Amino acid sequence: MTLNGQGHEGVLRPDALAGRIALVTGGGTGIGRATALALARCGAGVVLAGRRAEHLEKVRGEIAELGARALAVPADIRDEEQVTRLVDRALAEFGRIDVLVNNAGGQFAAPAEEITAKGWRAVHRLAVDGSWAVTREVAVRAMIPARTGVVFFLAFSPRRGIPGMVHATAARAALENLAAGLALEWSRYGIRSLCVAPGTIETEGLRENYPAADRARWAQAVPLGRLGTPEEVADVVAFLASPGGRYVTGTTITVDGGADAWGTGHPAPEPVR
């Protein structure tokens, strides 16, 4: 299993999601890209959404090489009109949406006291408001009428909080609660709602933006002794989207090598006198 997914064959049967259509936001890089490829390997058609068309097109080509169908739709999910057009394109191309993976998000590291109202709103607008806009559009127009579907949200682990990321962890906690609440309301329509909480995942962005020393230090806080890969998160999503996950809803699944059980913030910061 490699960082860039080359040579990764997946763990499910190639027809596990045959006939299903998945929409993946933030599908051009990292966990989103790996998830789109994992779903395609299981036979799903995939709609890729994101702000950078060049990344989406590259992944679309990778999915085509797997023999699966894919549609790349550049869209900013913070804009409701673009969300509507995204779902328009998906339904025009495939006629249905069975799996929604709300992967799009963004954050920055900062001490809590330095996070401005603008910075707070920027993170929540994308992770929470944007995810809800896509979820509601897909549910109302595709999943509720079809009486079937599964919606994924992406959270963070450790779930108890991460120093320097309180704005982002608060947003992801909201998504966990949203996933549980929707499961209670939408189960009557045959719709499952789940949250997947990855730990520190060694995406290309992590490698580009943080030195090896930082990544090695973070790995020391993981009981399994290493950072995760995007494919390890993607395989969990693919399984939960498959018939094998059909009785799982309303909960959060951590994919973190044991980090949530271990905790974070070691050693504790020195008191300010």
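What you see is a predicted model; the values in this text were computed from it and never measured. (Residues numbered from 1 in each chain as written. Predicted model: local features only at pLDDT ≥ 70, side-chain atom pairs only at ≥ 80, totals over all residues. Heavy atoms only, no water.)

1. Section: the overall build of the chain
Cut-off, in case you're wondering: A run of H or I in DSSP counts as a helix once it spans at least four residues, and a run of E counts as a strand once it spans at least two, with each numbered from the N terminus. We compute the radius of gyration from the C-alpha atoms alone; for a globule the expected value is 2.2 Å times N to the 0.38, where N is the number of residues. Partly exposed residues are those whose accessible area sits between 20% and 50% of the maximum for their type, while under 20% is buried and over 50% is exposed, using a 1.4 Å probe and protein chains only. Whether two residues touch is decided by their heavy atoms; if any such pair falls within 4.5 Å, the residues are in contact. Computed by Shrake-Rupley with a 1.4 Å probe, the accessible areas treat only the displayed protein chains as cover when residues are assessed. Only four residue types enter the charge count, namely Lys and Arg as positive and Asp and Glu as negative; His and the chain termini do not. Think of each charge as sitting on NZ of Lys, CZ of Arg, CG of Asp or CD of Glu.
Across its full length, the chain holds nine helices and seven strands. Taken against the 2.2 N^0.38 rule, which gives 19 Å for 273 residues, the C-alpha radius of gyration of the chain at 18 Å falls within 12% of a compact globule. Expressed along its principal axes, the backbone C-alpha trace of the chain runs to roughly 60 × 40 × 35 Å. The buried share of the chain, taken over its 273 residues, is 49%. For the chain, restricting intrachain contacts to residue pairs at least 6 apart in sequence, the fraction spanning at least 24 positions comes to 76%. Summing over all exposed atoms, the chain offers an accessible surface of approximately 13400 Å²; the carbon and sulfur share of this is 52%. Averaging the locations of the 30 positively and 29 negatively charged side chains of the chain gives two centres separated by 3 Å.

2. Some words on the packing of aromatic side chains
Rules: Working definition: rings of Phe, Tyr and Trp (its six-membered ring) pair if their centres are within 6.5 Å, and the pair is stacked with planes under 30 degrees apart, edge-to-face with planes over 60 apart, and tilted otherwise.
Under the defined criterion, the tally for this structure stands at two aromatic pairs. Here Trp 132 and Trp 186 contribute two aromatic rings whose centre-to-centre distance is 6.4 Å and whose plane-to-plane angle is 25°, an arrangement assigned as stacked. Taken as a pair, Trp 132 in helix 4 (residues 117-146) and Trp 186 in helix 5 (residues 166-186) lie far apart in primary sequence, 54 residues in all. Note on Trp 186: relative accessible area 10%, which makes it buried. Taking 5.1 Å as the distance between ring centres and 70° as the angle between the ring planes, the aromatic pair formed by Tyr 210 and Trp 218 counts as edge-to-face. Exposure remark for Tyr 210: the relative accessible area of 35% places this residue in the partly exposed category.

3. Comments concerning the UniProt feature "domain: Ketoreductase" (unreviewed entry) in the chain
Going by this rule: UniProt positions are given in the numbering used here, feature names are shortened, and annotations may be inferred rather than shown by experiment.
UniProt records the feature "domain: Ketoreductase" (unreviewed entry) at residues 20-200, using the numbering of this structure. Across residues 20-200, the secondary structure splits into 50% helix and 19% strand, with the terminal C-alpha atoms separated by 30 Å.

4. With respect to the side chain of Thr 25
Heads up, the condition is: Whenever two N or O atoms come within 3.5 Å, that pair is a polar contact, provided that in protein one can donate a hydrogen and the other can accept it, and provided that, for residues adjacent in sequence, both atoms are side-chain atoms.
For Thr 25, the location among the structural elements is in strand 1 (residues 21-25). Relative accessible area serves as the criterion here: at 2%, Thr 25 is assigned to the buried category. From its side chain, Thr 25 meets the backbone nitrogen of Asn 103 in a polar contact 2.9 Å long. Among the polar contacts made by the side chain of Thr 25, one reaches the main-chain amide nitrogen of Ala 104 at a distance of 3.0 Å. Once you skip the residues sitting within four places of it in the chain, Thr 25 turns out to touch Ala 49, Ile 77, Val 101, Asn 102, Asn 103, Ala 104 and Val 134.

5. Quick look at the pairing of strand 1
Filter applied, for reference: Paired strands are those between which DSSP finds at least two bridges. Note on handedness: a clockwise path from strand one over the helix to strand two, with the strands aimed away from the viewer, defines a right-handed crossover.
Most of strand 1 is tucked away, with five of its five residues classed as buried. Across the two faces of strand 1 the burial is the same, with Ile 21, Leu 23 and Thr 25 and Ala 22 and Val 24 all buried. The pairing of strand 1 with strand 2 (residues 45-50) spans five bridges and is classified as parallel. Among the inter-strand pairings, Ala 22 is bridged to a residue of strand 2, identified as Val 46. Taken together, strand 1, helix 1 (residues 30-41) and strand 2 constitute a β-α-β crossover, and its handedness is right-handed. Pairing of strand 1 with strand 4 (residues 99-102), which is carried by three bridges, proceeds in the parallel orientation. Paired with Leu 23 across the strands is Leu 100, a residue of strand 4.

6. Comments concerning the sheet that holds strand 1
Operational definition: To obtain each axis, a line is fitted to C-alpha atoms, and for helices this fit is confined to the stretch in contact; angles are then taken between N-to-C directions over 0 to 180 degrees.
Judged by pairing direction, the sheet is parallel, and its seven strands sit side by side in the order 3-2-1-4-5-6-7 without closing on themselves. Strand pairing shows two members of the sheet lacking a second neighbour, strand 3 (70-74) and strand 7 (252-255), which therefore form its edges. On average, adjacent strands in this sheet sit at an angle of 15° to one another, irrespective of strand direction. Where helix 2 (residues 53-65) meets the sheet, it contacts strand 2 and strand 3, and its direction lies at approximately 175° from that of strand 3.

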